[in-house]
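# Working through the structure, step by step
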Amino acid sequence: MVSCSNFWRSTQVNRKLVGIQDNILPHNSMPGPNQKRVYMFAEGRIDQKELLGNKGANLCEMSRLGLPVPPGFVITTTTCLDFFEAKKKMPLGLKEEYLTALAQVEKQAGKKFGDKSNPLLLSVRSGAAVSMPGMMDTVLSLGLNDEIVAALVESTGNKKWAFDCYRRLIQMYQNVVLGKSTDPYEEVIKKMKVAKGYKYDMQMSGEDWEEVVRQFKGLGEALPTDPHEQLETAIAAVFNSWFTPRAVRYREYNNIQGLLGTACNVQTMVFGNKSADSGTGVAFTRNPATGENVFFGEYLEQAQGEDVVSGVRTPHSLAFLQQHMPEAYQELDKYQRLLETHFRDMQDLEFSVEDRKLYMLQTRTGKRTAKASVQIAVDMVAEGMITEQEALLRIDPERMNYFLHPTVDTKAPKTVLGKGLPASPGAATGAVVFSPEVAETMVKGDPNVKLILVRTETTADDIHGMRAATGIVTENGGMTSHAAVVARGMGKCCVAGAHTLHVDVEGKQFITKDGTVIKEGDVITLDGATGLVLLGDVPRMPPGADACFQTLMGWAHKHSRLAVAANADSPEDARVALSYGATGIGLCRTEHMFFPPERIDIMREMILAETEKERQKALDRLFAFQKADMRAMFEVMTGKHVTIRLLDPPLHEFLPTNHHDAEALAARIGKPVETVLREISDLKEANPMLGFRGCRLTIKFPEITLMQVRAIIMAAVEARAGGAVVHPEIMIPLVATSTELEVIVPLVEAEIRKIFAESGGITVPYRLGTMVEVPRACLTAEKIAPFVSFISFGTNDLTQMTWGFSRDDVSHFLPQYLEKKVIHADPFVSIDEEGVGQLIKMTTDKMKTQKNGGSFTAGICGEHGGDPASVAFFSRAGLDYPHNQPSKRSLQKRKAKEMKSRSRVSQLHHLPSQAIHGKAVDTRIFHSRRREAKTNYLNSQLMVSLARKKSQRSHFFFSTIQSENDFCFQKGNHERALKDKDKHQLCQEQGQQN
């Protein structure tokens, strides 16, 4: 968990973002004239989210629009900073300021806080600038004590309501303010319901709740009888909730950085639990699971908001509200249309009905599934609500994995264990676990393990287990329960409200309706489309095409400045890439062409050859394979460029790794086993990354490169003779000095001229380039430039060589570096701008200056091509096309775009480009030096563009969009920070004037 001291040290620049100086407000001084800490709902504005929090700013906006929002006020996020800097004490002057605001609320509500005859009851809720559903704390019904409850019973005659509110206050206060577990309190309610034969809380009578309150009082510290003490301690608890483990985890998981803290929203209570004509609900202006343009939501009669979210009762659809209280429903429908139109996005609403009167409690941008996000974006463009560019910006790229995921095979045999609500789509298979801690521990031990988290219902404290799991099942809850909302936000399959399953968390099992017992470790499958829970690993179907997704990709192509290319190491891969709209092949790794069974031993013969003649004989055989593959690829990609990297990996990676396999190879190629073992030993290197690879192979064995060049160019000539339009680009890897190119380029060009002379007058345009992976090449870029027409930075190796970090071994110390803030980001995930980034920018500037523009291009190839912040830097550094290295499990083809927007975002940065690459590594390749760093796309503005599952490889196209404003904010860009400081100071001044 992040310590408070580390957090506040890291937020000093963020204080400046909202115009706060470190010496303005020590806790023992009065706020300065410009330091407004409390805003009435009528004073705040939607553009003050950093100051008022997302919830607070939206409450202010709804109030400004004239919606029926219970009166209240917001205590700013900067006050949260002051609270912690004052060692968890209320800043002097804050109480006087919020009491002044409270007096205005009392006037608006026509009630008085702490009054026995006409008491005002309050809720206190957290709300950061970024929505964090359920992660921080809330206290309801503040202002109750024994005397006020008795007075309410006498004045309203509604004992059930009064004591229900009282028991909620006691339970929440003990949990949120005093930090006590809710389990003993839940146990009291559970025993009471069992004794009375009740199934639901709403069946409890006033006398039942009175008895529950009596028992509650014996479980913990006494609730303060002074309503003002309750309020003050609740406000402090909300600020303290910023550092609860679940809130810290949520920010870490979602890469939420740079926030000032949480605001505190103090609001008049509305009681959905007051009568049969009261209730509460959660609604979405469109279906958050499918994106369908229908008003969607759930409603619980005689309930408070936490009852809907917690899933203790399965709620009704909004049709229930429409049937029983049509006037309230019609009013709600009017407001949801107004809010969606006003905010120009799908909204997540919270509302309550008290004695048939509707109140709006919250609106925020709604969490949605991947499919829904695309459907909504496309529909809103068609409706004229947003532009195509805005639609692209709204798509979270990582969650576009949905379009790659299989679904449960409808024709496969199935054993149905139960059925719930399809709360989040997809299909998930894994071993059952019942504890979020167990799930987290298992995934840390084996990141590839697949787990299904099964709970009675989830709470915010389960966030770490939900993140670790592949899918989630809850016995209780609905489509807007905590499990459903969080799972959709995470892009995980979820089945909620599976009532036919009896979940026994303590016993680590669940029992189906027919008595089948599923224990921890048993494998089940979830069908997120139907809500079915199935026994075992059920076969799945590959994903199908989605028309809205393709429409969105069309817009991405239309508005992009950068072209889109793909990795392809075979003609088959090229066809797949072309079918998804690739404009070329950005990286063809020729070594991958030699791994099929009929070729690998020939490659090994070439490596183990003891004479040049023997080596040439093997090369001649490999030539036929390589030429055939390249010709087919050129024919598939006619009219498009194909960039081919010459042989790069160390030769020992093609050879057996154990004695048994070496013996078998010796027998197959007719060599003594001693010779094979000796050659394997001779080629073994202590540090292969820095060893005999890349262009160094050409210097020692030029015949290898000449074979590859002849295969490439002859294939291009033959393809052109057959009518194809070819554009081969040959890339020389791992160049460290221009003198290497002085040797290699003339050799290559001479071979090409020779081929042209033999071709009967047929020539093809071609380009020569290099992959920049060595710092020395960056420092001497102006000497390398005359020999090449393009470059591509291999950022994985460049990072290793610049930092002196081995990607294979960095895990032994990198976590401690990050935890202790020695470095602030994994350099293999997000580019090191100060070091590696400066090498990239310097090299690009030198080469482009020397080349004086023209057709020279520069790109990147590495894991950083999938990191939005890195892509933003690459764009600023003048690169033409970032692209990405492969994962061991899948081919990721990333497509990057850069576009202009008329909105506040001045420039959009999209990921891939003229060459965006990646491909699954063959299991026979032991490229330990290429072990992939874990990428982190969370909280980014990046969009997956294309996808396909093929055999055991997944092919992805990604389009990424990164807001430069967001990037600069997260990185603490001083120029942007000063602008934002001025903006927020102006906001405060205007707020005071209003």
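- Looking at an unreviewed UniProt entry, the protein chain carries the name pyruvate, phosphate dikinase, with the source organism given as Nannochloropsis gaditana.
- According to UniProt, the comment filed for the protein chain under the heading Sequence similarities (unreviewed entry) is "Belongs to the PEP-utilizing enzyme family."

## A word on the pairing of strand β29 (residues 727–732)
- Most of β29 sits out of view: five of its six residues are buried.
- Here strand β28 (residues 641–645) runs beside β29; their pairing, made up of five bridges, is parallel. If you follow H641 over to β29, its bridge partner there is H727.
- Between the parallel elements β29 and strand β30 (residues 767–772), the chain passes through helix α28 (residues 738–758) in a crossover that is right-handed.

## Details of the packing of helix α3 (residues 49–64) against helix α14 (residues 326–343)
- For the pair α3 and α14, interaxial distance at closest approach is 12 Å and the crossing angle is 115 degrees. One element, α3, and the other, α14, form an angle in the roughly perpendicular class. Regarding α3 and α14, the two cross each other, and that crossing is right-handed. Contacts from N58, E61, M62 and R64 in α3 reach L339, H342 and F343 in α14.
- Looking at the contact of α3 with α14, its residues break down into three nonpolar, two polar and two charged.

## Quick notes on the state of the cysteines
- Enumeration according to the criterion identifies zero disulfides in this entry.
- Free of any disulfide, C264 has its nearest cysteine sulfur in C80, 9.3 Å distant.

## Details of the UniProt feature "binding site: Mg(2+)" (unreviewed entry) in the protein chain
- Under the UniProt annotation, the feature "binding site: Mg(2+)" (unreviewed entry) is placed at E773 and D797. In terms of the greatest pairwise C-alpha distance, the residues named above, spread along 25 residues, form a tight cluster of at most 5.5 Å across.
- Here E773 is to be found in the loop between β30 and α29 (775–779).
- If we skip the residues at most four places from it in the chain, E773 touches R693, P733, L734, G794, D797, L798 and M801.
- Side chain to side chain, E773 and R693 meet in a polar contact 3.3 Å long.

## Looking at the pattern of salt bridges
- Counted under the stated rule, the structure contains 54 salt bridges.
- Linking R631 and E635 is a salt bridge whose minimum nitrogen-to-oxygen distance equals 2.8 Å. Here R631 and its partner E635 are both found in helix α23 (residues 612–636), four residues apart, which amounts to about one turn of the helix.
- When its relative accessible area of 30% is taken as the criterion, R631 is described as partly exposed.
- Salt-bridge contacts for D880 lead to K848; the nearest nitrogen and oxygen are separated by 3.1 Å. On the criterion of sequence distance, the pair formed by D880 in the loop between α34 (868–876) and β33 (881–883) and K848 in helix α33 (residues 833–851) is long-range, its members being 32 residues apart.
- Its relative accessible area of 17% is what places D880 among the buried residues.

## Observations regarding the sheet that holds strand β21 (residues 509–511)
- A sheet is described by the order of its strands in space; here three strands give the open sequence β20-β21-β22, paired in antiparallel fashion. Across the chains shown, the open sheet's two edge strands, defined by having one partner strand only, are β20 (502–504) and β22 (517–519). Averaged over all pairs of adjacent strands, the angle between strand axes in this sheet comes to 20 degrees, irrespective of strand direction.
- Judged from the three bridges that link them, β20 and β21 form a sheet pairing that is antiparallel. Note that in β21 the partner of D504 across the bridge is Q509.

## Points about the packing of aromatic side chains
- As enumerated under the stated definition, the model contains 17 aromatic pairs in all.
- Note on F692 and F701: the rings are 6.0 Å apart at their centroids and 50 degrees apart in plane angle, and the pair reads as tilted.
- Judged by its relative accessible area of 19%, F692 falls in the buried class.
- On the numbers, 5.2 Å between centres and 70 degrees between planes, the contact of F805 with F813 is edge-to-face.
- Overall, the relative accessible area of 10% leaves F805 in the buried class.
- Assessed through its relative accessible area of 28%, F813 is described here as partly exposed.
- Taken together, the ring pairs connect F83, F84, F239 and F243 into an aromatic cluster.

Cut-offs applied
Residues numbered from 1 in each chain as written. Predicted model: local features only at pLDDT ≥ 70, side-chain atom pairs only at ≥ 80, totals over all residues. Heavy atoms only, no water. UniProt positions renumbered as here; feature names shortened; annotations may be inferred. Buried < 20%, exposed > 50% of the residue type's maximum accessible area, 1.4 Å probe, protein only. Helix = DSSP H or I, 4+ residues; strand = E, 2+ residues; numbered from the N terminus. Pairing = 2+ DSSP bridges. Right-handed = clockwise from strand over helix to strand, strands pointing away. Axes fitted to C-alpha atoms, helices over the stretch in contact; angles between N-to-C directions. Parallel < 35°, antiparallel > 145°, perpendicular 65-115°, else oblique. Left-handed = near helix turned anticlockwise from the far one by under 90°. Contact = heavy atoms within 4.5 Å. Nonpolar A, V, L, I, M, F, W, Y, C, P; charged D, E, K, R; others polar. Disulfide = S-S within 2.5 Å. Polar contact = N/O pair within 3.5 Å; in protein donor to acceptor, adjacent residues only side chain to side chain. Salt bridge = Lys/Arg side-chain N within 4 Å of Asp/Glu carboxyl O. Phe/Tyr/Trp six-rings, centres within 6.5 Å; stacked < 30°, edge-to-face > 60°.

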